[in-house]
Amino acid sequence: MRRISRLLAVVPAIVLTMGMAAPSVRSVPLPDDFSPEGIVAGTGRTVYVGSLRDGDIYRADLRTGKGATFIDAPAGRVAGGMKFDQAHHRLWVAGGPTGHAYVYDTRNGKPLADLALGTAGASLINDVALTKDAAYFTDSFNPVIYKVRIGHHGEIGSARAIALSGPAATIVPGGFNLNGIAAANGRLIVDHTDLGKLMTINPGTGSSREVTVTGGALSAGSLDGILLRGNKLYVVENFAERLVTLKLSHDLRTARIVATVTDADVKGAFRIPTAVAEQNGKLALVNARFDVGLPPPLGTGVPPGTDYNVVVLNK
C-alpha cells in the first residue's frame, strides 16, 4: 500500500476548464464514516453508492437527496466499482482487496453470488463492465481481467482470468494499474491509473492497444472511474480533482478531450472524487476523501465522524 501513502501527500492540481461554463452544483449527503468509492445509476432517480469499509450499499434519490442503506453486506466484504443490470435487476460489485466480486438483487437487496476472482491481499478487484453475455472486472495489481459469463436467461457462470498482453499488461510496482472499465463495440475500454493512459482490450484474447489522446493530457497517477455514453467518455481523476470528457473515434483508436471540470469550477466541491454516474441528464460524482485516509486493509483508517457526499452536476 506504499502507493496509497504516497498519494495521500499529493496536492490537488488545478487546471483551467476548456471552453465550457462552470456547471451548477449541489450535494447529496452520505452517512458519516461510510468510506465510499463506487457509484452507479439505477432506475428512476436512484443511485447506488458502495462502501470500502464494510461493503454496504447506500441507495439515494438523486433529486431529493434522501437515502438509506439498502444492502447490509455480509461481514468481510468491500464494495468498489459497480454496474447496474436493469434487465436482470442486479447490482454487480467489485470487491477490491478481497479478491472477490458480488452480485445483489436490486428488488430486495439479497445476495445472489459471491465470485472468487483473484487472491485476497494480492489482488485489487477494482471495477466492472457488463455486456449482454458477460461481466468483466479489472485487477489493479495484476495483468489480467476476469470474465464471468452470463447465460441467455441471466444465469451467473463461473469466473476465469484472461491474461493481458500489450500496454494494458503494464504493472507499475507498488502502484495502481488498470482501474475503470467500460464495454464498447466489442472491446473493453480501460484506464491505467499510474500511466495516465486509456487503452482498449480485446476480451477474447486479452491483447490491448493504447488510445491516442489529443486536445490535452490525462493526469498520470489519478485516473479512476470511467463512464461511457455513446462516443463520449467521462474520466474521473481523483487526486487531480478533475472530470475529463473525451470524444472517442468510432474505431476507439483515438480520443479527443473536449471538456474538463476542475475543483475550481465547482468551487471546491470535489474532495477526491473516484467515480461518476449519469442519472436523468445529471452527472453524479462520489467524493471518496482519500486525502484523510482509507479503511483497512487499504489504509490505517479514517478519522471518526468523517463526512462524505455525492456531487451532482448539471451537464
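Above this text sits the structure in question.
Keep in mind that this is a model prediction, so the values were computed, not measured.

Analysis parameters
Residues numbered from 1 in each chain as written. Predicted model: local features only at pLDDT ≥ 70, side-chain atom pairs only at ≥ 80, totals over all residues. Heavy atoms only, no water. Helix = DSSP H or I, 4+ residues; strand = E, 2+ residues; numbered from the N terminus. Rg over C-alpha atoms; globule rule 2.2 N^0.38 Å. Buried < 20%, exposed > 50% of the residue type's maximum accessible area, 1.4 Å probe, protein only. Contact = heavy atoms within 4.5 Å. Areas by Shrake-Rupley, 256 points an atom, 1.4 Å probe, with all protein chains shown as cover. Lys, Arg positive; Asp, Glu negative; His and termini not counted. Charge placed at Lys NZ, Arg CZ, Asp CG, Glu CD. Pairing = 2+ DSSP bridges. Axes fitted to C-alpha atoms, helices over the stretch in contact; angles between N-to-C directions. Polar contact = N/O pair within 3.5 Å; in protein donor to acceptor, adjacent residues only side chain to side chain. Salt bridge = Lys/Arg side-chain N within 4 Å of Asp/Glu carboxyl O. Phe/Tyr/Trp six-rings, centres within 6.5 Å; stacked < 30°, edge-to-face > 60°.

K.L.:
Would you take a moment to explain the overall build of the protein for this structure?
P.N.:
Scanning the protein from N- to C-terminus turns up 1 helix and 24 strands. Compactness check: the protein gives a C-alpha radius of gyration of 18 Å against a globular reference of 20 Å for 315 residues, within 12% of the reference. Along the longest, intermediate and shortest principal axes, the C-alpha atoms of the protein span 45 × 40 × 40 Å. Looking at the protein as a whole, 56% of its 315 residues are labelled buried. Taking the intrachain contacts of the protein between residues at least 6 apart in sequence as the baseline, contacts between residues at least 24 apart amount to 50%. As displayed, the protein has an accessible area near 12500 Å², and 53% of this comes from carbon and sulfur atoms. Considering the protein, the positive charge centre built from 32 side chains and the negative charge centre built from 26 side chains are found 6 Å apart.

K.L.:
Looking at this structure, how should I read the pairing of strand β18 (residues 223–229)?
P.N.:
Along any regular strand, the residues point their side chains to alternate faces of the sheet. Most of β18 is tucked away, with 6 of its 7 residues classed as buried. Of the strand pairs in this sheet, β18 and strand β19 (residues 232–237) are connected by 5 bridges, and their pairing is antiparallel. The residue of β19 that forms the bridge with R229 is K232. Where β18 hands over to β19, the hairpin turn is made up of 2 residues, of which G230 adopts a positive phi near 65°.

K.L.:
How do you make sense of the sheet that holds strand β6 (residues 82–85) when you look at a structure like this?
P.N.:
As summarised here, the arrangement of the 4 strands in space is β6-β7-β8-β9, forming an open sheet in which the pairing is antiparallel. Here the strands that pair on one side only, and so sit at the sheet edges, are β6 and β9 (111–116). Going from strand to strand, the sheet's axes swing by 15° on average, the running direction of each strand aside. Pairing of β6 with strand β7 (residues 90–94) involves 4 bridges; the strand directions are antiparallel. Bridge pairing links K83 to W92 in β7.

K.L.:
Sorry, what's going on with the environment of Q279 here?
P.N.:
Here Q279 lies in strand β22 (residues 273–279). Judged by relative accessible area, which is 8%, Q279 ranks as buried. Residues Q279 and T106, 173 residues apart in the sequence, show an inter-C-alpha distance of 17 Å. Contact partners of Q279, with chain neighbours within four places excluded, come to A41, G42, T43, G44, R45, T46, V47 and L62.

K.L.:
I would appreciate a short explanation of the environment of G206 in the present structure.
P.N.:
You can see G206 is positioned in the loop between β16 (197–201) and β17 (208–214). Linking G206 and A169, residues 37 residues apart in sequence, is a C-alpha distance of 9.0 Å. Aside from chain neighbours lying at most four places away, what touches G206 is I162, A163, L164, S165 and I201.

K.L.:
Just to check I follow, could you spell out the sheet that holds strand β24 (residues 308–314) for this structure?
P.N.:
Backbone-to-backbone hydrogen bonds join strands into a sheet, with any given pair of strands oriented parallel or antiparallel. Taken together, 4 strands build an open sheet; the order of strands is β1-β24-β23-β22 and the sheet is antiparallel. Either end of the sheet is taken by a strand with one partner, and the two such strands are β1 (25–30) and β22. Here the strands of the sheet are splayed against their neighbours by 25° on average, with no regard to which way each runs.

K.L.:
How do you make sense of the environment of N287 when you look at a structure like this?
P.N.:
By the element assignment, N287 lies in strand β23 (residues 282–287). Overall, N287 belongs to the buried group, its relative accessible area being 0%. Discounting residues that sit within four places of it in the chain, N287 has contacts with P36, A269, F270, R271, I272, P273, Y308, N309 and V311. There is a polar contact of 2.7 Å between the side chain of N287 and the backbone nitrogen of R271.

K.L.:
Where do I start with the pattern of salt bridges in this structure?
P.N.:
Scanning the model with the defined rule gives 11 salt bridges in all. Between K197 and E210 there is a salt bridge; the shortest N-O distance is 3.3 Å. Here K197, found in strand β16, pairs with E210, found in strand β17; they are 13 residues apart in sequence, far enough to count as distant. Across the pair R229 and E278 runs a salt bridge whose closest N-O atoms are separated by 2.9 Å.

K.L.:
Honestly, the side chain of N238 in this entry has me stumped. Any pointers?
P.N.:
By the secondary structure assignment, N238 is in the loop between β19 and β20 (242–248). Of the polar contacts made by the side chain of N238, one reaches the side chain of D224; its length is 2.8 Å. Residues in contact with N238, not counting those within four places in the same chain, are G221, S222, L223, D224, I272, P273 and T274.

K.L.:
How do you make sense of the packing of aromatic side chains when you look at a structure like this?
P.N.:
Any two aromatic rings considered together are summarised by their centre-to-centre distance and by the angle between their planes. As enumerated under the stated definition, the model contains 4 aromatic pairs in all. Ring centres 6.3 Å apart and planes at 35° place the aromatic pair Y48 and F84 in the tilted group. Of the two residues, Y48 sits in strand β3 (residues 46–51) while F84 sits in strand β6, which places them 36 residues apart along the sequence. Look at F84 and you get buried, because its relative accessible area is 16%. Connected via pairs of aromatic rings, a cluster forms that spans Y48, F70 and F84.

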